[in-house]
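# Structural overview for review
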Amino acid sequence: MKLTRIGGPSVLVEHAGWRILIDPTFDPPGRRYAFALGTSSVKTLPPAIEPEALGPIDVVLVSHDHHADNLDDRGRALLPTAGTVVTTAPGAGRLGLPNARGLRPGESILLESAGKDALEVTATPARHGPPLSRAIVGAVIGFLIRRPPRPRYDLWATGDTVLTRRLRAFARGLDVDTAIVNAGGVGFPLTGPIRYTMTGADAVTLIGELRPRVAIPAHFDGWSHFRDGETGMRDGIRAALSAVRDRIRWLPDGTAVDLTDPTTAHAERND
């Protein structure tokens, strides 16, 4: 498996002959985007790779379509060119694309292509805010990927979520090779101390419950609404037990990292 960090939640996964793009965001920085209840955020960092340089994409996984930090204008423009787009059930309806498939948590879709192992994509639970906030923040899912009949999951991308008891219990029941864990501790002045995604400390807790072979922090920088941000993510990792800390890798910007290569075990982004 090779992973390429594009920025924010956007990661290109190359695995078993498949090219999978997670939450495509390619707009330039500087623009302010509106969210729910009058909240907003400014994009502060550019993508590490332009969409034209990606090459063909077999699958796009969109954890939710209604927030620009997970699917922006240039990301949307890419969707019709992909083989399959997998997102939430209401999101697939809003996108209205013939290649879009909507899933609810627990539902799966089998993707097949000549010359490749079949991929099973399963939607996983996510809550993008405090209890009872779904009516405001909308539906969000994560994604599990495996090649049946293998019992072990190749990849889990958590999507945007806070750390809940349900999520922790779900993680403890999984056998996962690679986990992409979104953090950042999203918050807004208008909503005070409420958090809408995990902090770095939360992400480390989840990684400790999950115990994947490799854990990749994601979606912790590049936007003004990250309260915890990269500093919180690094602080959380430094405070973690070595058994957890040693599983975590930082991805460099725009460079494919072969997760089987031991020389990349402690790869860090250039600061």
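In what follows, the accompanying structure is described. (Residues numbered from 1 in each chain as written. Predicted model: local features only at pLDDT ≥ 70, side-chain atom pairs only at ≥ 80, totals over all residues. Heavy atoms only, no water.)

## Quick look at the packing of helix α5 (residues 200-210) against helix α6 (residues 229-239)
Packing of α5 against α6 brings their axes to within 7 Å, and their N-to-C directions diverge by 45°. In terms of their interaxial angle, α5 and α6 are classed as oblique. Once α5 is placed against α6, the crossing between them reads as right-handed. The residues of α6 that touch α5, namely those facing G200, A201, A203 and V204, are G232, M233, G236 and I237. (Axes fitted to C-alpha atoms, helices over the stretch in contact; angles between N-to-C directions. Helix = DSSP H or I, 4+ residues; strand = E, 2+ residues; numbered from the N terminus. Parallel < 35°, antiparallel > 145°, perpendicular 65-115°, else oblique. Left-handed = near helix turned anticlockwise from the far one by under 90°. Contact = heavy atoms within 4.5 Å.)

## Re the sheet that holds strand β3 (residues 18-22)
In a beta sheet, neighbouring strands are held together by backbone hydrogen bonds and run either parallel or antiparallel to one another. Ordered in space as β8-β7-β6-β3-β2-β1-β15, the 7 strands form an open sheet in which the pairing is mixed. Strands with a single pairing partner mark the edges of an open sheet, and in this sheet they are β8 (100-103) and β15 (256-258). Direction aside, neighbouring strands of the sheet carry axes that sit 20° apart on average. For β3 and strand β6 (residues 59-61), the ladder comprises 3 bridges, and the chain directions are parallel. Its bridge partner being in β6, I20 is matched across the sheet by V59. (Pairing = 2+ DSSP bridges.)

## A word on the layout of surface pockets
Looking at the largest pocket, its volume works out to about 350 Å³. Around the largest pocket, the lining comprises 23 residues; the ones closest to its centre are A126, R127, R134, V140 and R166. At the level of secondary structure, the elements contributing two or more residues to the lining of the largest pocket comprise α2 (89-95) and α4 (165-172). Among the residues making up the lining of the largest pocket, the classes are represented as 13 nonpolar, 6 polar and 4 charged. (1 Å grid on protein atoms, 1.4 Å probe; cavity = no way out; pocket = protein on both sides within 12 Å on 5 of 7 lines; lining within 4 Å. Points joined across faces, edges and corners; volume = space filled by probe spheres on them. Nonpolar A, V, L, I, M, F, W, Y, C, P; charged D, E, K, R; others polar.)

## Some remarks on empty space enclosed by the protein
On inspection of all chains with the given rule, the structure shows 2 cavities of 30 Å³ or more. The volume enclosed by the largest cavity comes to roughly 150 Å³. Lining the largest cavity are 15 residues, and of these F35, H67, V137, F188 and Y196 lie nearest its centre. Counted by class, the lining of the largest cavity contains 8 nonpolar, 5 polar and 2 charged residues. The calculated volume of the second largest cavity comes to roughly 40 Å³. Lining of the second largest cavity is provided by I22, D23, S63, F143, A157, G159, I180 and N182. Its residues placed into classes, the lining of the second largest cavity shows 4 nonpolar, 3 polar and 1 charged.

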